[in-house]
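Architecture and fold: a report
Chain residues, written in single-letter form:
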Amino acid sequence: MDPKLLEILACPNCHGGLRHDRTAQQLICDSEGLAYPIVDGIPHLMVQEATPTPSQTSPHVG
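Here the structure is a predicted model, which means the values were calculated and not measured.

1. Considering the overall build of the chain
Counting its secondary structure elements, the chain contains two helices and five strands. For the chain, the succession of helices and strands along the chain, N to C, is α-β-β-β-β-β-α. Taken across its 62 residues, the chain has 26% of its residues classed as buried. For the chain, the share of sequence-separated contacts (at least 6 apart) that also reach a separation of at least 24 residues comes to 18%. Accessible surface, the chain: about 4300 Å² in total, of which carbon and sulfur atoms supply 54%.

2. Looking at the nonpolar core
Of all hydrophobic cores here, the largest spans nine residues; its members are Leu-9, Cys-11, Leu-18, Leu-27, Cys-29, Leu-34, Tyr-36, Ile-38 and Ala-50. Looking at this core, the elements with two or more residues in it are strand S2 (26–29) and strand S3 (34–39). Here the element with the most residues in this core is S3; it accounts for three residues. If we ignore the near neighbours within four places in the chain, the residues touching Leu-18 are Leu-6, Leu-9, Ala-10, Cys-11, Leu-27, Ile-28, Cys-29, Tyr-36 and Leu-45.

3. Comments concerning the pairing of S3
Most of S3 sits out of view: five of its six residues are buried. Hairpin connection from S2 to S3: four residues lie between these consecutive antiparallel strands, with Gly-33 at a positive phi of about 70 degrees. Two elements, S3 and strand S5 (residues 51–52), share two bridges in a ladder whose sense is antiparallel. Residue pairing in the sheet places Leu-34 in a bridge with Pro-52 of S5. As paired strands, S3 and strand S4 (residues 42–43) are joined by two bridges and run antiparallel to one another.

Each value, and the rule that gives it
Residues numbered from 1 in each chain as written. Predicted model: local features only at pLDDT ≥ 70, side-chain atom pairs only at ≥ 80, totals over all residues. Heavy atoms only, no water. Helix = DSSP H or I, 4+ residues; strand = E, 2+ residues; numbered from the N terminus. Buried < 20%, exposed > 50% of the residue type's maximum accessible area, 1.4 Å probe, protein only. Contact = heavy atoms within 4.5 Å. Areas by Shrake-Rupley, 256 points an atom, 1.4 Å probe, with all protein chains shown as cover. Core = buried A, V, L, I, M, F, W, Y, C linked by side-chain atoms within 4.5 Å. Pairing = 2+ DSSP bridges.

Put into structure tokens, the structure is as follows:
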């Protein structure tokens, strides 16, 4: 992912910044705990296509 493009992309849900997970080919919003897929090099920034990140799916201990 082009770093310049990553600078201007934002989470469509909270409008916060995203980070690129190269291994999983996803853009991650840490604030919302959502992962947006990158398909054939194109980010799919639609909330309905996002999946929870592993930290959001694991039960809280405490």
